[in-house]
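Coordinates in review
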Amino acid sequence: MADANFTPGFRSLDEEVTDRTLPVEGSFPPWLSGQLIRNGPAKFEGGGQRLTHWFDGLAMPRKYAFDGGEVRYTNRFLRTESYEDAAAGRPIGQFATGVGGLAKALGWLRRLGPPEPTDNANVHVARLDGGFVALTEVPKWVRFDSETLATRGEFTFQDLATHHMITAHLVEDPHRGEHVGHALTFGRTHEYRLFRIPDGTRRREEFAAIPTDSPAYVHSVGVSEDHVTLVETPLRIDVLRALSPFTEGFFDLLDWQSERDTTFYVVSRDTGKVAVEATAPPFFTFHTVNAFEDGGDVVVDLIAFEDDGVVTALRLDDLAEQGFAGVPPGRLERYRIAPDGTIERRRLYDGGIELPDVPRQVRTRPYRYAYGQSTDREGANELVKVDTERGTAREFWERELYVEEPCVVSRPDADAEDDGVVLAPALDVAAEQSLLLCFDAATLAELGRARVPHPIPFGFHGRFFGS
Ligand code: CO
């Protein structure tokens, strides 16, 4: 049975709004100044067809601007080639629907033509070299204006790096003044590449290359003060399948190889050398939460899944039928990797959790609190704050309210790690209305909620940019 409650979260939104002041219940703190910009899909049809996978919807950045307690909202589709294709009734696709960017990149490897990855940059956002960029997992990022969200064309790096896939999860390290990311390059030897983008530049400085005979799908890496940890799970990319006529998209290339272990590559950020290579029993992960150094060990906290079932469960057909109830839960796990390669695993929260965030100042450092979307309830998604030291958690939930990825914003000059607010978009499926919720980051007490004039489809990731 289709769960009608889910419809607004996966229903196309056509309306675009510019700088609309939102009605607020309660209050947003006057010190909160800046903007939360999020990315996600908002149109699920193209070429007269319903898209197959949530990850394929057309990118619509959305922005909440804060000033003196006021909240103003803007949403706008990226005007990309994918957008034009959909408008003209031509097929689009990237992850599951239609021919994906990777297949095209591999076509290039066979010298069948130039790479034409799709430009539907719907995953994340970043501020690079003073400009705002919408990110996706192929190197075709899109610039946009942070005031109007108007599309400004393709983002170009000032370097000559060749990447066939690139992460949409750049880790901004405020302590070193750089973003850290990873990419994948296919060739005679496939390689994971690690790079940094120094603040104020558009230059990827590659500092490590890790060869692999069977590249895994790696969505994010763990960045600690001195190391980057790349987690190679058994979810592999079957490169040869890209050449098959039966391959419709990137989704078809993914191959869960359950006989494989998961390998942690701990790489020095200074030398680029693999300092430790360690293996653990198989699991899958999209998101690292945080990573830090601890007396010679590297600690990586991540959201682990038993296998790759989550990837198929996020197909739109399945979501429409079962809602999130059919999506296997992620678990917050801590992996402690010793210099001799031994690994210790510990679960930090017993509930289902995804879309994690930590305060900016503790990124790459020892930390105590992780925030995320908790997924155990039926008919709602909670907000959760996990105390990783004490093994306790605070939760917020409300019937029929689906909380999305939270974003922690520290109070200026805060001393305590959790002195600030948590901003969390949410969809009230009963009222068919989206909200932006504001919580005290220490107590998770709700401070205020701003009402958005329409239901926004569920998004992926965003960042707060202070002003
Ligand atoms: Co992600």
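Observations regarding the confidence of the model for the protein chain
In the predicted model, the protein chain carries a mean pLDDT of 91, and the fraction of residues at 70 or more is 93%. Contacts from residues 1–5, a stretch scored under 50 in pLDDT, to residues over four places away or in other chains number seven contacts.

Brief notes about empty space enclosed by the protein
Considering all chains together, one arrives at three cavities of 30 Å³ or more under this definition. Of the voids in this model, the largest cavity is the one considered here, and its volume is about 90 Å³. Along its surface, the largest cavity is lined by Glu 137, Met 165, Ile 166, Thr 167, His 182, Ala 183, Leu 184, Tyr 192, Ala 216, Tyr 217 and Val 218. Listed by contribution, the elements that provide at least two residues to the lining of the largest cavity are β14 (165–166) and β16 (178–185). A class-by-class count of the residues in the lining of the largest cavity yields eight nonpolar, two polar and one charged. Computed from the structure, the second largest cavity encloses a volume of approximately 50 Å³.

What to know about the sheet that holds strand β28 (residues 343–347)
Spatially, the four strands line up as an open sheet ordered β25-β26-β27-β28, and their pairing is antiparallel. The open sheet has two edge strands with one neighbour each: β25 (284–294) and β28. Sheet twist, expressed as the average angle between the axes of neighbouring strands with direction ignored, equals 25°.

Re the coordination of the cobalt ion
Within the first shell, the cobalt ion binds the protein through His 169 (NE2), His 219 (NE2), His 287 (NE2) and His 461 (NE2), at distances of 2.1 Å. Taken together, the four donor atoms surrounding the cobalt ion define angles of 92 to 159° at the centre, an arrangement classified as irregular. A relative accessible area of 7% places His 219 in the buried class. Judged by relative accessible area, His 287 falls into the buried class, the value being 6%.

Cut-offs used in this document
- Residues numbered from 1 in each chain as written.
- Predicted model: local features only at pLDDT ≥ 70, side-chain atom pairs only at ≥ 80, totals over all residues.
- Heavy atoms only, no water.
- pLDDT = per-residue confidence, 0-100.
- Contact = heavy atoms within 4.5 Å.
- 1 Å grid on protein atoms, 1.4 Å probe; cavity = no way out; pocket = protein on both sides within 12 Å on 5 of 7 lines; lining within 4 Å.
- Points joined across faces, edges and corners; volume = space filled by probe spheres on them.
- Helix = DSSP H or I, 4+ residues; strand = E, 2+ residues; numbered from the N terminus.
- Nonpolar A, V, L, I, M, F, W, Y, C, P; charged D, E, K, R; others polar.
- Pairing = 2+ DSSP bridges.
- Axes fitted to C-alpha atoms, helices over the stretch in contact; angles between N-to-C directions.
- Donors = N, O, S within 2.8 Å, 3.2 Å for Na, K, Ca; no water.
- Tetrahedral: all angles 85-135°; square planar, octahedral: opposite > 155°, others 65-115°.
- Buried < 20%, exposed > 50% of the residue type's maximum accessible area, 1.4 Å probe, protein only.

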